[in-house]
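Descriptive analysis of the structure
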Amino acid sequence: MSVLVVGLSHKSAPLATLERAIVGDDALGKLLRDVSHADNVAGAFVISTCNRAEIYADVDKFHGGVAAICELLARHSGIPLAELTTHLYVHYEDRAVQHLLAVACGLDSMVIGESQILGQVRQALHAAREHGTLGRALADLGTHALRAGKRAHAETGIDRAGASLVSIGLAVAARRLAAGSPAAGDPAAPANAGPLAALSVLVVGAGSMSSLAAGTAARLGAASLVVANRSHEHAERVAAPFSASAAGLSRLPAEIAAADLVVSCTGAPGFVITAESVREALGARSPGRPLVLLDLALPRDVDTGASALPGVTVIDLEELRDAGPAGLPAAAAHEEHVADVWRIVAEEFAAQVSADRAARVAPTVVALRAKAAGVVEAELARLAGRLDGLDARSHREIAQSMGRVADKLLHAPTVRVKELAGSPGAESYEAALRVLFDLDPDAAAAVARADAGLLPWLGEEEGQ
């Protein structure tokens, strides 16, 4: 089996297409089951974020796997296949492994080096495991990807070079507000005041990104901070660590009226902030007071029609992407930090390839030892039939001696073939072992099938 990834991201598709392709929690289980039950597919997991929708699959045929996954992605997203394929990219085998490692390290993100993607990869692997679609090959790959991501942040300066999408969005919003309001850019403000000093910030949503937005706004010096959510209890939970206020969505127009900056990241279907609710809020504001709506959700939370209202600026993910490094100076990672992360990707890729080759030769080694054990058992049975009266102790000593002889004879070839598994031409060494010992190919295949049925936990890297 081989790893295949089919997906689209902020690099290959416009926001409107990404918005339709995103896989919500409710639809994720069905998509995972449909993909894993497709012809040529043995397992799958899905990474779906505001910047990408990618299906990783363990397939036995490239073209059959690509066709099945593209068709299912089109069906689940409601995007015609002909339209969708113009935005899709496909990676296979080594390229697919390298792509996942780069994604987990934040090298393929809109903001290079952002750390949220590592948690999103972890969540994707957990979801696939819970739905029974992960499979051993993808589980092992996931372990390497998570380890690579953790190493990238622990061993390099990518965190200093990069920034979260929330941080970048707030920085862009603060500049827009400073440009549109003399008070926001008051030169009399303290030198150590943050970019959101004297500004009122409203965060809509209570998920992980909303918590990050609230924390970042507080760190950047927001004068007041309110968290609004459908569940008032959840809003209070997010607001509490930052001494912020909590509100229900029924108070949304009033809270928008009091805010300078609204950050929305609920990911709910449909608009959470409609043009009508913004128009209502404007009626309660001072004339000429600017309002910035920062929409970090996908699907969008903010009705794009709100941008046509006087004094209102809407910043969405597409604008952040199109701004590029010139518009997002904090996202311009130092080349040496990026190079250090690519070095980690290369190391983890080599480790993954070596582990994969070792796993492929393992069934042959197990089959060889099983054959040797069978020969020993057959000879012991023949010996017992010819030597009447052989006591149990003698039989046990003979059995142990024959077993040690078999082990010693097999030790060198089995150890050597494992050592050579990670080197070029490993397949030929495994094939030679099968020929020299006249191993039944079906025996090795049976071992491989049994081994694949054991789904291991992803290990310490995933659980942390």
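Residues numbered from 1 in each chain as written. Predicted model: local features only at pLDDT ≥ 70, side-chain atom pairs only at ≥ 80, totals over all residues. Heavy atoms only, no water.

A tally of helices and strands in the protein yields 19 helices and ten strands. Here the protein holds 464 residues, and 47% of them are scored as buried. Relative to all contacts within the protein whose residues are 6 or more apart in sequence, the contacts with residues 24 or more apart total 74%. (Helix = DSSP H or I, 4+ residues; strand = E, 2+ residues; numbered from the N terminus. Buried < 20%, exposed > 50% of the residue type's maximum accessible area, 1.4 Å probe, protein only. Contact = heavy atoms within 4.5 Å.)

Now for helix α3 (residues 62–77). With 16 residues, α3 ought to run about 22 Å at 1.5 Å a step, and its terminal C-alpha atoms sit 22 Å apart, in line with that. Where α3 is buried, its residues contact β1 (2–9), α1 (15–21), α2 (25–36), β3 (52–59), α4 (81–84) and β4 (89–92). Note on α3: the residue one or two positions beyond its end, Gly 78, has a positive phi of about 80°. (Expected span 1.5 Å × (residues − 1).)

Take the packing of α2 against α3 next. It is at 10 Å that the axes of α2 and α3 come closest, and there the two elements cross at 155°. On the basis of their axis angle, the class for α2 and α3 is roughly antiparallel. Read as a crossing pair, α2 and α3 show a hand that is right-handed. On α3, the residues that touch Lys 30, Leu 31, Asp 34 and Val 35 of α2 are Ile 69, Leu 72 and His 76. (Axes fitted to C-alpha atoms, helices over the stretch in contact; angles between N-to-C directions. Parallel < 35°, antiparallel > 145°, perpendicular 65-115°, else oblique. Left-handed = near helix turned anticlockwise from the far one by under 90°.)

Within the structure shown, the criterion is met by two aromatic pairs. With centroids separated by 4.8 Å and ring planes inclined at 5°, the aromatic side chains of Phe 45 and Tyr 56 adopt a geometry described as stacked. Taken together, the residues span a long stretch of sequence, with Phe 45 in strand β2 (residues 41–48) and Tyr 56 in strand β3 at a distance of eleven residues. (Phe/Tyr/Trp six-rings, centres within 6.5 Å; stacked < 30°, edge-to-face > 60°.)

On to the nonpolar core. If you look at the biggest cluster of nonpolar residues, it comprises 104 residues, and the most contacted ones within it are Leu 8, Phe 45, Leu 196, Val 201, Leu 261, Val 263 and Leu 296. Counting residues per element, this core draws most heavily on helix α9 (residues 165–180), which supplies eight residues. (Core = buried A, V, L, I, M, F, W, Y, C linked by side-chain atoms within 4.5 Å.)

By the definition in use, this model includes two cavities of 30 Å³ or more. Taken as a whole, the largest cavity encloses approximately 110 Å³ of empty space. Along the wall of the largest cavity there are 13 residues; nearest its centre are Cys 50, Asn 51, Ser 109, Glu 114 and Gln 120. Its residues placed into classes, the lining of the largest cavity shows six nonpolar, five polar and two charged. In this structure, the second largest cavity occupies an estimated 40 Å³ of space. If you go around the second largest cavity, the residues you meet are His 10, Leu 15, Leu 18, Cys 50, Asn 51, Met 110, Leu 317, Glu 318 and Arg 321. Put simply, the parts of the chain that give the lining of the second largest cavity at least two residues each are α1 and α14 (317–327). The leading source of residues in the lining of the second largest cavity is α14, at three residues. (1 Å grid on protein atoms, 1.4 Å probe; cavity = no way out; pocket = protein on both sides within 12 Å on 5 of 7 lines; lining within 4 Å. Points joined across faces, edges and corners; volume = space filled by probe spheres on them. Nonpolar A, V, L, I, M, F, W, Y, C, P; charged D, E, K, R; others polar.)

Looking now at the pattern of salt bridges. Applying the stated criterion across every chain yields a total of 21 salt bridges. Measuring nitrogen to oxygen at the nearest pair gives 4.0 Å for the salt bridge that ties Glu 318 to Arg 300. Of this pair, Glu 318 sits in helix α14 while Arg 300 sits in the loop between β9 (291–295) and β10 (312–315), placing them 18 residues apart in sequence. Given the relative accessible area of 13%, Arg 300 is considered buried. Salt-bridge contacts for Glu 379 lead to Arg 382; the nearest nitrogen and oxygen are separated by 3.1 Å. Of this pair, Glu 379 and Arg 382 are both found in helix α15 (residues 335–386), three residues apart, which corresponds to roughly one turn of the helix. By relative accessible area, which is 32% here, Glu 379 ends up partly exposed. (Salt bridge = Lys/Arg side-chain N within 4 Å of Asp/Glu carboxyl O.)

Function cannot be inferred from these measures alone, as they are strictly geometric.
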